[in-house]
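Summary of the model geometry
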Amino acid sequence: MMILVIGERNRVAGRGRPLELMEREAIALGIKKKMSYREIGDSIGRDHSVVSREIKRNGVRGELLGVAGSVLG
C-alpha cells in the first residue's frame, strides 16, 4: 500500500472524497451537453480522470445514472 504525506495528514494514494449527488448530476448534464471530460471536471472542481472513472462505473451508453450511482456507489 502506498502512503502519500500531504501537509500533516497521511493519505492512501488513489483514495479521494466520494462524488456527491450534485457532482454526479453535473457530470450527467455535461455528457448531455457533449462537454469533454476535462470541461466537466473543471466545472465541478475535479480531475478529468474522476469524471472518466465515474462514467465507466455508472454510465450506460454515455448516459450517467446519477441517482443509481449515488445509491449504489
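Everything here concerns the structure above.
In this report, we go over the structure that sits alongside the text. Remember, predicted model here, so these are calculated numbers, not experimental data. (Residues numbered from 1 in each chain as written. Predicted model: local features only at pLDDT ≥ 70, side-chain atom pairs only at ≥ 80, totals over all residues. Heavy atoms only, no water.)

1. Quick notes on the overall build of the protein chain
A count of helices and strands for the protein chain gives four helices and four strands. By the burial criterion, 26% of the 73 residues in the protein chain qualify as buried. Of all intrachain contacts in the protein chain linking residues separated by at least 6 positions in sequence, the fraction that spans at least 24 positions is 39%. Accessible surface, the protein chain as shown: approximately 5,800 Å² in total, 54% of it carbon and sulfur. (Helix = DSSP H or I, 4+ residues; strand = E, 2+ residues; numbered from the N terminus. Buried < 20%, exposed > 50% of the residue type's maximum accessible area, 1.4 Å probe, protein only. Contact = heavy atoms within 4.5 Å. Areas by Shrake-Rupley, 256 points an atom, 1.4 Å probe, with all protein chains shown as cover.)

2. Remarks on the pattern of salt bridges
In the structure shown here, the tally under the stated rule is three salt bridges. Where E23 meets R17, a salt bridge forms, and the shortest distance between an N and an O atom there is 3.4 Å. Residue classification places E23 among the buried residues on the basis of a relative accessible area of 9%. A relative accessible area of 49% places R17 in the partly exposed class. Between R24 and E54 there is a salt bridge; the shortest N-O distance is 2.2 Å. (Salt bridge = Lys/Arg side-chain N within 4 Å of Asp/Glu carboxyl O.)

3. Describing the packing of helix α1 (residues 21-32) against helix α3 (residues 48-58)
Contact pair α1 / α3: the axes reach a minimum separation of 11 Å and the direction vectors enclose 90°. Relative to α3, the element α1 lies roughly perpendicular. Packed against α1, whose contacting residues are R24, I27 and I31, the element α3 presents V51, E54, I55 and N58 at the interface. Grouping the constituent residues of the contact of α1 with α3 by class yields four nonpolar, one polar and two charged. (Axes fitted to C-alpha atoms, helices over the stretch in contact; angles between N-to-C directions. Parallel < 35°, antiparallel > 145°, perpendicular 65-115°, else oblique. Nonpolar A, V, L, I, M, F, W, Y, C, P; charged D, E, K, R; others polar.)

4. Side note on unusual backbone geometry
At K34, a residue that is not glycine, the phi angle is positive and equals roughly 60°. Examined against the element boundaries, K34 turns out to sit in the loop between α1 and α2 (37-44).

5. Quick look at the packing of α2 against α3
Relative orientation of the contacting elements α2 and α3 amounts to 110°, with a least axis distance of 7 Å. Put simply, α2 runs roughly perpendicular to α3. Judged by residue contacts, Y37, R38, I40, G41 and I44 of α2 engage H48, V51, S52 and I55 from α3. Grouping the constituent residues of the contact of α2 with α3 by class yields five nonpolar, three polar and one charged.

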